[in-house]
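Chains, contacts and geometry: an overview
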Amino acid sequence: MMKAGSGVVDITPPQGLELGGYPHYPRYNTGAHDPLYAGCLYLSNGETEIAIVTLDLLFFSKVHVQSVRARVQQAAGIPAENIMISTIHTHSGPWASGRLDIESLEAGIPQPKEYVEELKTRLVELIISCKQNAFEAEFTSGTAICGAESGIGGNRRIPGGPADPLVSVMAVRDMDKKVRGVFVNYTLHPTFIHEWSTVCTADYPAYIRQQLCEMEPGTAVLFAQGASGNQSSRYYRQGENFDEAERVGRTLGKAAHSVLDKAVWTSELTLKTANANVELELRSFGEEAELEKKVAHDKAIYEDLYARYGKSTNRDEYYLWQNANLKLLGSEDQLGYVRMQNRGTRIELLEDEAPAEIQLLAINNTLVVGVPGEVFVEYGLYIKAMAGFETVIFNELANGCLPGYLYTPESLVTGGYETDTSMLGEKFGRHLVDDVLDLIDTIHES
């Protein structure tokens, strides 16, 4: 007999807490434009049980994931390795991991301990509640398409480059045919709300939730990121404001609901799980003196472009100085990492996340692939193509973070913020993908 549980809990931080996501722009929460939530979807077939949790946060450290898992296993018996916890990657939520901005790293600014501890307790209570209140259920999954053709988003490094327009959906309903939980996965940075904002917001996923809750009142909505490391609205959006976030979120919400409109529901539930650890591979950035020259060079270019175009309303001119700013951030990060390593300073985003965990949840003919970190879309597309499942959901920032973007070797040639700021080695992405595919083989063979 299939049982499911679903629910959400408010995780909005108190005013005054720092918001993460935009280096060089310290921001402190002045209120909530929309509440931040954690959501949980619990599934059981009487033999195997799993829990999928999503958080309206930028990052959630692996050490915190492990703590929550252990507490849930002890209190409710759900195996720790069957719990997947990921973030939506909003850039307007509080920190809950090691820092990536060099100023804060060098200053030793800690995570908000009180908030994180309360958050972990709320997550434990949420997961346990979803199990305790589980109901007889039916399950469905599927995909819709919504991408650049709808003015939603795409590749932020190469306009028109590789992108993933699939809106992936899983849902459960009770025996009265009421939809009780909807999980949505999409591949797009939540960066419609930028550094000018000092309020908490889930960005466009907030409006996915609103749209679906209007169409299916009372349902619990979860959102998770696809391989969005090089995906954003940069070249596709009509603005950087809440109106645009709402347009995009509601468009995606309607696309997600179209999956439910054509859904085939089943009370039969096959569940399989697999986990593996992957050792991190790091790169060398060179000598401190050389990096200081690189920072000076990139800074001069940025300052010149900003002086010329910083006040311009022309989008092409905006991209000139903003891309130069991102290039500068990357070189500054490289210098900062080397200085910290030379001084023996602990880098939480590296040491708290190793080794990287990959996790698979096979639900009937749907496969959820959980990988930590911000992953370039090429890797997600390749895994989807090779997995051999009807529906493949690539879930990044699952069960922790990585010390930088999981970039492709091709992107390293052209450089840029994502590659410059990453501590990961050039071949790590390929090795991790190989390990994911090997792990998928064990699912097929079991």
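What counts as what
Residues numbered from 1 in each chain as written. Predicted model: local features only at pLDDT ≥ 70, side-chain atom pairs only at ≥ 80, totals over all residues. Heavy atoms only, no water. Core = buried A, V, L, I, M, F, W, Y, C linked by side-chain atoms within 4.5 Å. Buried < 20%, exposed > 50% of the residue type's maximum accessible area, 1.4 Å probe, protein only. Contact = heavy atoms within 4.5 Å. Helix = DSSP H or I, 4+ residues; strand = E, 2+ residues; numbered from the N terminus. Pairing = 2+ DSSP bridges. Axes fitted to C-alpha atoms, helices over the stretch in contact; angles between N-to-C directions. 1 Å grid on protein atoms, 1.4 Å probe; cavity = no way out; pocket = protein on both sides within 12 Å on 5 of 7 lines; lining within 4 Å. Points joined across faces, edges and corners; volume = space filled by probe spheres on them. Nonpolar A, V, L, I, M, F, W, Y, C, P; charged D, E, K, R; others polar. Salt bridge = Lys/Arg side-chain N within 4 Å of Asp/Glu carboxyl O. Expected span 1.5 Å × (residues − 1). Arc of directions from axis to C-beta.

**Focus on the nonpolar core**
- Ranked by internal contacts, the top residues of the largest apolar core, which has 63 residues, are Leu55, Phe60, Ile127, Val167, Tyr204 and Leu252.
- With near-sequence residues (within four places) excluded, Phe60 lies in contact with Leu55, Val65, Val68, Ile85, Thr87, Ala96, Ser97, Leu119, Lys120, Leu123, Gly400 and Cys401.
- Membership of the second largest hydrophobic core comes to 55 residues, among which are Ala274, Leu350, Phe394 and Leu424.

**Observations regarding unusual backbone geometry**
- In this structure, Pro355 follows Ala354 across a cis peptide bond, with omega equal to -5°.
- Relative to the elements of secondary structure, Pro355 occurs in the loop between helix 8 (348–351) and strand 15 (356–363).
- We note that Asn399 has phi near 60°; this positive angle belongs to a residue other than glycine.
- Relative to the helices and strands, Asn399 resides in the loop between strand 17 (391–396) and helix 10 (409–414).

**Examining the sheet that holds strand 4 (residues 37–44)**
- Read from one edge of the open sheet, 8 strands run 6-5-4-1-8-10-11-12, paired in mixed fashion. A single partner strand is all that each edge strand has here, and the edge strands are strand 6 (83–87) and strand 12 (220–225). Averaged over all adjacent pairs, the angle separating strand axes in this sheet is 20°, with direction ignored.
- Here strand 5 (residues 49–55) pairs with strand 6 via 5 bridges, running parallel. What sits directly across from Leu55, in strand 6, is Thr87.

**Things to note about the layout of surface pockets**
- In this model, the largest pocket occupies a volume close to 760 Å³.
- In terms of lining residues, the largest pocket is bounded by 42 residues, among which Arg156, Arg234, Leu326, Tyr417 and Glu418 are the most central.
- Residue assignment for the lining of the largest pocket shows that the elements contributing at least two residues are helix 7 (315–343), helix 10 and helix 11 (417–421).
- Ranked by the residues each element gives to the lining of the largest pocket, the list is headed by helix 7, at 8 residues.
- Residues belonging to the lining of the largest pocket are distributed by class as follows: 15 nonpolar, 17 polar and 10 charged.
- The space that makes up the second largest pocket amounts to roughly 260 Å³.
- Along the wall of the second largest pocket there are 16 residues; nearest its centre are Thr140, Ser141, Gly142, Glu390 and Thr391.
- Of the residues forming the lining of the second largest pocket, the biggest block, 5 residues, is contributed by strand 8 (residues 135–145).
- A per-class count over the lining of the second largest pocket returns 5 nonpolar, 9 polar and 2 charged.

**A short note on the pairing of strand 15**
- By the criterion of burial, strand 15 is predominantly enclosed, with 8 of the 8 residues buried.
- In strand 15, alternate side chains face the same way, and those of Ala356, Ile358, Leu360 and Ala362 on one face and Glu357, Gln359, Leu361 and Ile363 on the other are all buried.
- Looking at chain direction, strand 14 (residues 271–278) and strand 15 are connected through 8 bridges and run antiparallel. Looking at the pairing, Lys272 lines up with Ala362 of strand 15.
- The pairing of strand 15 with strand 16 (residues 366–371) spans 5 bridges and is antiparallel.

**Observations regarding the pattern of salt bridges**
- All chains considered together, the criterion is met by 22 salt bridges.
- Between Arg250 and Glu214 there is a salt bridge whose closest N-O contact spans 3.1 Å. Separated by 36 residues along the polypeptide, Arg250 in helix 5 (residues 242–261) and Glu214 in helix 4 (residues 204–215) bring together distant segments of the chain.
- When its relative accessible area of 51% is taken as the criterion, Glu214 is described as exposed.

**Some remarks on helix 6 (residues 288–309)**
- Over its 22 residues, helix 6 extends 31 Å from the first C-alpha to the last, a length consistent with the 32 Å expected when each residue adds 1.5 Å.
- Three or more residues of helix 6 are buried, namely Leu291, Val295, Asp298, Tyr302, Leu305 and Tyr309. Buried residues of helix 6, seen end-on, are gathered within an arc of 105° and therefore sit on one face of the element. In this structure, helix 6 carries Lys293, Ala307 and Arg308 as exposed residues pointing more than 90 degrees from its buried face.
- Next to the buried residues of helix 6 lie helix 7.

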